[in-house]
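Here is how the chains run, residue by residue.
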Amino acid sequence: MEALITILAFVFITGLCIGSFLNVVILRALSNESIVFPASKCPVCQNSLKWWHNIPVISYICLGGKCAFCKEKISIQYPIIELLTGIIFTYLFIKFGFSINTLFYWVVSSVLIVLAGTDIKEKVVFDAHTYTLIGLGLLFSAGYTIYYIVSDVRAVTWLSNPLTMSILGVIAGVVIMELFARAGYLIAGTRAFGEGDTYIAAGLGALFGVQMLILALILSVIIQVILFLPSFIKGLIDNKDWKTLISFGSFCIYAAVFYVMQQNNLIENPIIYMFGALLLAVLGLLSCMFIFKGLRENPSNRTYLPFGPAMVAAAFIIILLFSHFGSQTFACTDKMFCVGACIPCLNMGG
């Protein structure tokens, strides 16, 4: 037990240190600086930091969240990302143990954190980061495909193998996101999503394959709606757009009531059910019409919330919660090799 606690503590500390490095990657990507040189410095006074100023989390607490030289506030981003990385690394180790999957997921998680970090901070997604995500998914799936062919763990075909599923996932990610993004021109005269979001979707497709990609995108939309609702409703109230607010509120309330009644089998008459579903569709259509009309008439009222972080959050949900599906499919034919879920197993739709 003591040995396990020691190992977990080491993994957590390693995650904290990696998180500190990811902060550097995020900030220097935005400032177009090298991640190696110069040494860490205060972004305000430009003084080089001492080694004891860079101890993850501890330095932030000891310095009271302020620079040791100019006393300017240090962004809360630093300890948040360090702690988040440490927690994620520890959870992944507990889930997958000593395995290649753990190392792979650590690298993937690091890239995802950087993607979300730059998107949240400056609404920017860098090609180098998205290409790395795509490449990781393809490379890992290719490795598993070669393993299965060489060891004959399971018969594979040109279509039924992790690499093909990854490639199809990349294509599906690009096609799906571009269709929805360009639909924005018809609705609001602009793209619904940035091009960076398309590349992130391609990366998720490379990691998870088509089936799990669709789940990731659905989860992304749900997360985005939850995050967007407060500012959206506040905007309607500030602009006194009561028609849109009432129609949207009516739709949400009716949809919730209809769902509860359906789940509890309270609507048994098919005619009443069809009428209720039709009314739900009408309310939703009216709500959308008011929203889109407001966006067209008042472009300044549009609230842009980056979609990338929602996609990253969805990816973590799949990795941390849904990846156990993999143990039931591809790798389960080789108990000596299988250490749990893996990206290729997700690609196979397990």
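This structure is a prediction, so every number in the text was calculated from the model and none was measured. (Residues numbered from 1 in each chain as written. Predicted model: local features only at pLDDT ≥ 70, side-chain atom pairs only at ≥ 80, totals over all residues. Heavy atoms only, no water.)

### Description of the overall build of the protein chain
For step 1, the next point in the chain: Helices and strands together make up the secondary structure of the protein chain, namely 11 helices and zero strands.
For step 2, the next point in the chain: N-terminal to C-terminal, the α/β element order of the protein chain is α-α-α-α-α-α-α-α-α-α-α.
For step 3, the next point in the chain: The buried share among the 350 residues of the protein chain stands at 39%.
For step 4, the next point in the chain: Taking all contacts inside the protein chain whose residues are at least 6 apart in sequence as the whole, residues at least 24 apart take part in 68%.
For step 5, the next point in the chain: Entry remark: accessible area of the protein chain is about 19,100 Å², with carbon and sulfur atoms responsible for 72%. (Helix = DSSP H or I, 4+ residues; strand = E, 2+ residues; numbered from the N terminus. Buried < 20%, exposed > 50% of the residue type's maximum accessible area, 1.4 Å probe, protein only. Contact = heavy atoms within 4.5 Å. Areas by Shrake-Rupley, 256 points an atom, 1.4 Å probe, with all protein chains shown as cover.)

### Examining the side chain of Ser 141
For step 1, the next point in the chain: Its place among the elements puts Ser 141 in helix α5 (residues 127-151).
For step 2, the next point in the chain: Here Gly 137 takes part through its backbone oxygen, which lies 3.0 Å from a polar atom of the side chain of Ser 141. (Polar contact = N/O pair within 3.5 Å; in protein donor to acceptor, adjacent residues only side chain to side chain.)

### Points about helix α8 (residues 242-263)
For step 1, the next point in the chain: With 22 residues, α8 extends 31 Å between its outermost C-alpha atoms, agreeing within 8% with the 32 Å of an ideal straight helix rising 1.5 Å per residue.
For step 2, the next point in the chain: Of the positions making up α8, those classed as buried are Thr 244, Ser 247, Phe 248 and Phe 258. When α8 is viewed along its axis, its buried side chains cluster within an angular range of 100° and face the same direction. In α8, the exposed residues that point more than 90 degrees away from the buried face are Ile 246 and Ile 253.
For step 3, the next point in the chain: Among the residues trailing α8, Asn 265 stands out with phi positive, at a value near 55°. (Expected span 1.5 Å × (residues − 1). Arc of directions from axis to C-beta.)

### Here we look at the packing of helix α7 (residues 195-238) against α8
Packed helices, taken two at a time, are described by their axes: the angle between them and the distance between them.
For step 1, the next point in the chain: Relative to each other, α7 and α8 sit at 140°, their axes nearing to 8 Å. With respect to each other, α7 and α8 are oriented oblique. α8 is crossed by α7, and the crossing has left-handed handedness. Between α7, through Leu 229, Phe 232, Ile 233, Leu 236 and Ile 237, and α8, the contact on the second element is made entirely by Trp 242, Thr 244, Leu 245 and Phe 248.
For step 2, the next point in the chain: Grouping the amino acids of the contact of α7 with α8 by side-chain chemistry returns eight nonpolar, one polar and no charged. (Axes fitted to C-alpha atoms, helices over the stretch in contact; angles between N-to-C directions. Parallel < 35°, antiparallel > 145°, perpendicular 65-115°, else oblique. Left-handed = near helix turned anticlockwise from the far one by under 90°. Nonpolar A, V, L, I, M, F, W, Y, C, P; charged D, E, K, R; others polar.)

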